[in-house]
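So the chains spell out like this:
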Amino acid sequence: EAGVVQSPRYKIIEKKQPVAFWCNPISGHNTLYWYRQNLGQGPELLIRYENEEAVDDSQLPKDRFSAERLKGVDSTLKIQPAELGDSAVYLCASSPRLVPSGGADEQFFGPGTRLTVL
Amino acid sequence: DQQVKQNSPSLSVQEGRISILNCDYTNSMFDYFLWYKKYPAEGPTFLISISSIKDKNEDGRFTVFLNKSAKHLSLHIVPSQPGDSAVYFCAASASASGNEKLTFGTGTRLTIIP
């Protein structure tokens, strides 16, 4: 079974430039997550999708960040314009939503995109 | 406000001995806890989980213990192997309240010494 695919793996841009990340979740997984992981920290959720609907985007900085999952499969995360503080690893994860109530889905993570803003 | 805390940034253990990684949380609404393992340049990989209705869950060499009154959980790896060298993240969710968002700790880098 193929895992979560992310591209690019690495991206270096200058500040104020736009950047986009792409994620293809595991086939059949309805829930998709975007996380940001700063150096020395754990992943922090940016947005969660149930199929094509964004059900939790409370942590997404909406002035410069946007995301879409138009057909409920793959997703893109965009930053425009990028700032120095956006340098981080951006992780995409998916889950199958098979866990009964009272639990939490095991989330399967992709390798991440390491963004460096100069 | 760090709701999930891993106070040891690093830990070194001799191969064959027991590794104990600790995690503390502050949010009493958390009812499901997970451990993830991360190798360099890879995404985190799920290792083991525990619901708040249990105090122990075991899977092979990995055991997670939950002490709800102390808001503390620990991951035991025994015997430790060189391939266990990685960063371990503790994560928690308040799933019973309908919020499945995972809150992660800052991670503990485990090094197994051959």
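Use the structure listed above.
All values reported here derive from a predicted model rather than from experimental measurement.

Attention now goes to the interface of chain A and chain B. Between chain A and chain B, the residue contacts involve 22 residues of the former and 20 residues of the latter. Here chain A is connected to chain B by zero salt bridges. Linking chain A with chain B are four residue pairs in polar contact (both at pLDDT 80 or more), by the criterion used here. Along the lines of polarity and charge, the residues of the side of chain A that touches chain B split into eight nonpolar, nine polar and five charged.

To continue, consider the layout of surface pockets. As a volume, the largest pocket reaches approximately 650 Å³. Around the largest pocket, the lining is made up of 29 residues, and of these Gln37, Leu39, Gly40 and Arg114 of chain A together with Lys38 of chain B lie nearest the centre. Among the residues forming the lining of the largest pocket, the class breakdown is 14 nonpolar, 10 polar and five charged. Reported here for the second largest pocket is a volume of approximately 240 Å³. In terms of lining, the second largest pocket is formed by 13 residues, of which the most central are Glu44 of chain A together with Asp1, Gln2, Thr103 and Phe104 of chain B. Going through the elements one at a time, strand S5 (44–50) of chain A together with strand S10 (99–104) of chain B are the ones with two or more residues in the lining of the second largest pocket.

A separate point is the pairing of strand S6 (residues 53–56) of chain A. All names here are of chain A. As paired strands, S5 and S6 are joined by three bridges and run antiparallel to one another. When the bridges of S6 are listed, Glu50 appears paired with Glu53. Linking S5 to S6, which pair antiparallel, is a turn of two residues; within it Asn51 sits at a positive phi near 55 degrees.

Right, let's get into the state of the cysteines. Residues and elements named next belong to chain B. This model, assessed by the stated rule, comprises two disulfides over all chains. One disulfide in the model links Cys23 with Cys90; its S-S distance is 2.1 Å. Handedness of the Cys23-Cys90 disulfide follows from its S-S torsion of about -75 degrees: it is left-handed. Pair noted here: Cys23 is in strand S3 (residues 19–25) and Cys90 is in strand S9 (residues 86–94), with a separation of 67 residues, a long-range link. Taking the relative accessible area as the measure of exposure, Cys23 reaches 0% and is therefore buried. The class of Cys90 is buried, set by a relative accessible area of 0%.

Conventions we followed
- Residues numbered from 1 in each chain as written.
- Chains lettered and ligands numbered in written order.
- Predicted model: local features only at pLDDT ≥ 70, side-chain atom pairs only at ≥ 80, totals over all residues.
- Heavy atoms only, no water.
- Contact = heavy atoms within 4.5 Å.
- Salt bridge = Lys/Arg side-chain N within 4 Å of Asp/Glu carboxyl O.
- Polar contact = N/O pair within 3.5 Å; in protein donor to acceptor, adjacent residues only side chain to side chain.
- Nonpolar A, V, L, I, M, F, W, Y, C, P; charged D, E, K, R; others polar.
- 1 Å grid on protein atoms, 1.4 Å probe; cavity = no way out; pocket = protein on both sides within 12 Å on 5 of 7 lines; lining within 4 Å.
- Points joined across faces, edges and corners; volume = space filled by probe spheres on them.
- Helix = DSSP H or I, 4+ residues; strand = E, 2+ residues; numbered from the N terminus.
- Pairing = 2+ DSSP bridges.
- Disulfide = S-S within 2.5 Å.
- Buried < 20%, exposed > 50% of the residue type's maximum accessible area, 1.4 Å probe, protein only.

Functional significance is not addressed by these values, which are geometric in nature.
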